[in-house]
Amino acid sequence: MSDNKVILNYDGKSFEYPIVDSTIGDRGIDISKLRDQTGLITLDLGYKNTGATISEITYLDGDKGELFYRGYPIEQIAEKSNFTEVMYLLLHGELPSTEQFSSFENNIKKYNFVADELKKLIDVFPRSAHPMGVLSSLTSALTAFNPKAVDVKSKEELDLAAELMIAKFSHLCAWTYRKTQGLPINHGDNSLNYVENFYKMAFRLPNEEFQMDPVVVAALDKLLILHADHEQNCSTSTVRMVGSAHTGLFASISAGVSALWGPLHGGANQAVIEMLELIEKDGGDVNKWVAKAKDKNDSFRLMGFGHRVYKNFDPRAKIIKKAADDILGKLGIQDKALDIAMQLEKVALEDEYFIERKLYPNVDFYSGIIYRALGIPTEMFTVMFALGRLPGWISQWKEMRLKGDPIGRPRQIYQGSPMRDYVDISKR
Ligand code: CMC
């Protein structure tokens, strides 16, 4: 290998592959000519070493535990910014001026309602339906009501589709929750900011005046910011993959919602609380459950621990842990689940198994505890994650479309049967 290329010796020949530079972090080997030149492809299960794109949106260093949105460290963003500003930053690449901020916020408010017919769709789901399944279906169904968002041809059309999606998705998130509670469905209130508007739409009761609690709004704002983007994770890669076929934005986001639902990804925040409740019910012996997590013959894993990229403390988990302490203190909540979480964290951080494998608490370990303290039901946690991740999904989709990335289409190494002749059913 020299500084700017890698040399591959194969079958008596030598091939050169250029190195693609980065601003910071991993550089890559451009192997786009590999198959044509050598007849070989690469195999990288789970894409642990594969760069799927070149991006300018989010940077994370898993060894150092660093996360930047458009170059700004997450710690500064979480402390000083707000979710609407973060959405703008991710989508447009720069922090907005005062005028740009108001214009963005006003554009979102223009679309702060959802076609009434969609209520009929939500009516047909059973109340017990998981909100993520309902959310994914409704997001895809939104396409029918906003056909322009299907076939975007310019940056302007793309930005319009993004603002529509941002406005309407918050309704769908609120509605899926209200469905599970049997509550009437509300439209937005344009006198409020994005997070307040969502909070009121989701949690307003029909029989009393709604009280906006600034502690809850600030906590929600911070959680949404922390989830806003995380480069090429499973759901974002899904959104990009679906969008690479020039599928519309809403249908691509709907696929991202489904990917996020899984317990190894966004569904982990729900799985963490379920695990803490299970440990509590079982008598609260944390050591027993840590031993189960380490046992290779037991499928149990400590939910909320470990990360594909972070081999250090997830910087979002550090911020969220502090926020969890503050919020529980402010709201005066004593939570047994939180006590168990703290014991689990301590045992796991001191245990050789977790240290060796660099398994630290991740963002989902603490986010569920905050949502629970805010009175949000467990099944809604992943919906909250989806609301936060939305600007990341859209920004990555927009970047891919504007750069004209080709359709995503991985190869495979086939190890099935070689060619054989069909045998009639009577002779099998
Ligand atoms: N509990 C016990 N052992 C674990 C855990 C865990 N939570 N996570 C990883 N390991 C072990 C795993 O068994 C393996 O051990 P060995 O080397 O002896 O075979 C080693 O650590 C490496 O694990 P891996 O599964 O190869 O790592 P991965 O990068 O493929 O998976 C992960 C990452 C997040 C899927 C995994 O750590 C996990 O399942 N964690 C629990 C679920 C979770 O909290 N997910 C949320 C992730 S953060 C938010 C998000 O992405 O949405």
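What you see is a predicted model, and the numbers here were worked out from it, not measured in a lab.

Chemist: So, the UniProt feature "active site" (unreviewed entry) in the protein: which residues are in play, and what are the values?
Modeler: When the UniProt feature table is mapped onto this chain, "active site" (unreviewed entry) is found at His307 and Asp364. Separation in sequence by 58 residues is not matched in space for these annotated residues, since their most distant C-alpha atoms are only 10.5 Å apart. Here His307 is to be found in the loop between α13 (286-294) and α14 (315-331). Residues contacting His307, with those up to four places away along its chain left out, are His230 and Arg316. Among the polar contacts listed, one links the side chain of His307 to the backbone nitrogen of Val309, at a separation of 2.9 Å. Relative to the elements of secondary structure, Asp364 occurs in helix α17 (residues 363-373). Overall, Asp364 belongs to the buried group, its relative accessible area being 5%.

Chemist: Residue-level account of the environment of Ala255, with values.
Modeler: Mapped onto the fold, Ala255 is located in helix α11 (residues 249-261). For Ala255 and Ala129, which are 126 residues apart along the polypeptide, the C-alpha to C-alpha distance reads 18 Å. Excluding its chain neighbours within four sequence positions, the residues that come into contact with Ala255 are Thr238 and Val242.

Chemist: I'd like a description of the packing of aromatic side chains, backed by residues and values.
Modeler: By the definition in use, this model includes 13 aromatic pairs. Note on Phe83 and Tyr194: the rings are 5.9 Å apart at their centroids and 40° apart in plane angle, and the pair reads as tilted. Taken together, the residues Phe83 in helix α3 (residues 83-92) and Tyr194 in helix α8 (residues 194-203) connect sequence positions 111 residues apart. When its relative accessible area of 0% is taken as the criterion, Phe83 is described as buried. For Tyr194, a relative accessible area of 6% corresponds to the buried category. For the pair Tyr353 and Phe354, a centre-to-centre distance of 5.1 Å together with 65° between the ring planes defines the contact as edge-to-face. Considered together, Tyr353 and Phe354 belong to a single accessibility category, that of buried residues. In textbook terms, an aromatic cluster arises when at least three aromatic residues are bridged by ring pairs, as seen for Phe305, Tyr353, Phe354, Phe365 and Tyr366. Just above the ring of Phe113 sits the side chain of Lys168; from NZ or CZ to the centre is 4.0 Å. When the ring centre of Tyr353 is taken as reference, the NZ or CZ atom of Arg357 above it lies at 3.9 Å.

Chemist: Quick one: what's the story with α3, residue by residue and with numbers?
Modeler: With nine of 10 residues buried, α3 is to be regarded as a mostly interior element. Taken residue by residue, α3 has Phe83, Thr84, Glu85, Val86, Met87, Tyr88, Leu89, Leu90 and Leu91 as its buried positions. Sitting at the head of α3, Asn82 places a side-chain oxygen 3.2 Å from the backbone nitrogen of Thr84. Trailing α3 by a residue or two, Gly93 shows a phi angle of about 95°, which is positive.

Chemist: Outline the site of the ligand, supporting the account with residue identities and numerical values.
Modeler: In the vicinity of the ligand there are 21 residues, among which His265, Arg301, Leu302, Gly304 and Arg308 approach most closely. Here an oxygen atom of the ligand and a backbone polar atom of Gly304 are 2.8 Å apart. Taking Arg357, its side chain carries an N or O atom lying 2.9 Å from an oxygen atom of the ligand. In isolation the ligand has 940 Å² of accessible area, and contact with the protein removes 78% of it. For the shell around the ligand, the per-class residue count stands at nine nonpolar, six polar and six charged.

Chemist: Describe the nonpolar core, listing the residues and the values that go with them.
Modeler: Membership of the largest hydrophobic core comes to 116 residues, with the highest contact counts inside it found for Tyr69, Phe169, Ile253 and Leu276. The element best represented in this core is helix α7 (residues 155-181), accounting for 13 residues. Setting aside anything within four residues of it in sequence, one finds Phe169 in contact with Leu135, Thr139, Ile253, Val257, Ala386, Leu387, Leu390 and Trp393.

Chemist: Which residues make up unusual backbone geometry, and what values go with them?
Modeler: The phi torsion at Arg70 lies on the positive side, around 50°, for a residue other than glycine. By the secondary structure assignment, Arg70 is in the loop between β5 (66-69) and β6 (72-73). Although it is not a glycine, Lys358 adopts a positive phi angle of roughly 55°. Here Lys358 lies in the loop between α16 (352-356) and α17. Owing to a relative accessible area of 41%, Lys358 belongs among the partly exposed residues under this scheme.

Chemist: How would you explain the packing of helix α12 (residues 268-281) against helix α18 (residues 381-403) if you had to name every residue and give the values?
Modeler: Running from N to C, α12 and α18 cross one another at 150°; their axes reach a closest spacing of 7 Å. Between α12 and α18, the angle is such that the two are roughly antiparallel. For the crossing formed where α12 meets α18, the hand is right-handed. Contacts between α12 and α18 involve Asn269, Gln270 and Ile273 from the former and Phe381, Thr382 and Phe385 from the latter. Of the residues that constitute the contact of α12 with α18, the class distribution is three nonpolar, three polar and no charged.

Calculation criteria
Residues numbered from 1 in each chain as written. Predicted model: local features only at pLDDT ≥ 70, side-chain atom pairs only at ≥ 80, totals over all residues. Heavy atoms only, no water. UniProt positions renumbered as here; feature names shortened; annotations may be inferred. Helix = DSSP H or I, 4+ residues; strand = E, 2+ residues; numbered from the N terminus. Contact = heavy atoms within 4.5 Å. Polar contact = N/O pair within 3.5 Å; in protein donor to acceptor, adjacent residues only side chain to side chain. Buried < 20%, exposed > 50% of the residue type's maximum accessible area, 1.4 Å probe, protein only. Phe/Tyr/Trp six-rings, centres within 6.5 Å; stacked < 30°, edge-to-face > 60°. Lys NZ or Arg CZ within 6 Å of the ring centre and 35° of its normal. Near = heavy atom within 4 Å. Areas by Shrake-Rupley, 256 points an atom, 1.4 Å probe, with all protein chains shown as cover. Nonpolar A, V, L, I, M, F, W, Y, C, P; charged D, E, K, R; others polar. Core = buried A, V, L, I, M, F, W, Y, C linked by side-chain atoms within 4.5 Å. Axes fitted to C-alpha atoms, helices over the stretch in contact; angles between N-to-C directions. Parallel < 35°, antiparallel > 145°, perpendicular 65-115°, else oblique. Left-handed = near helix turned anticlockwise from the far one by under 90°.

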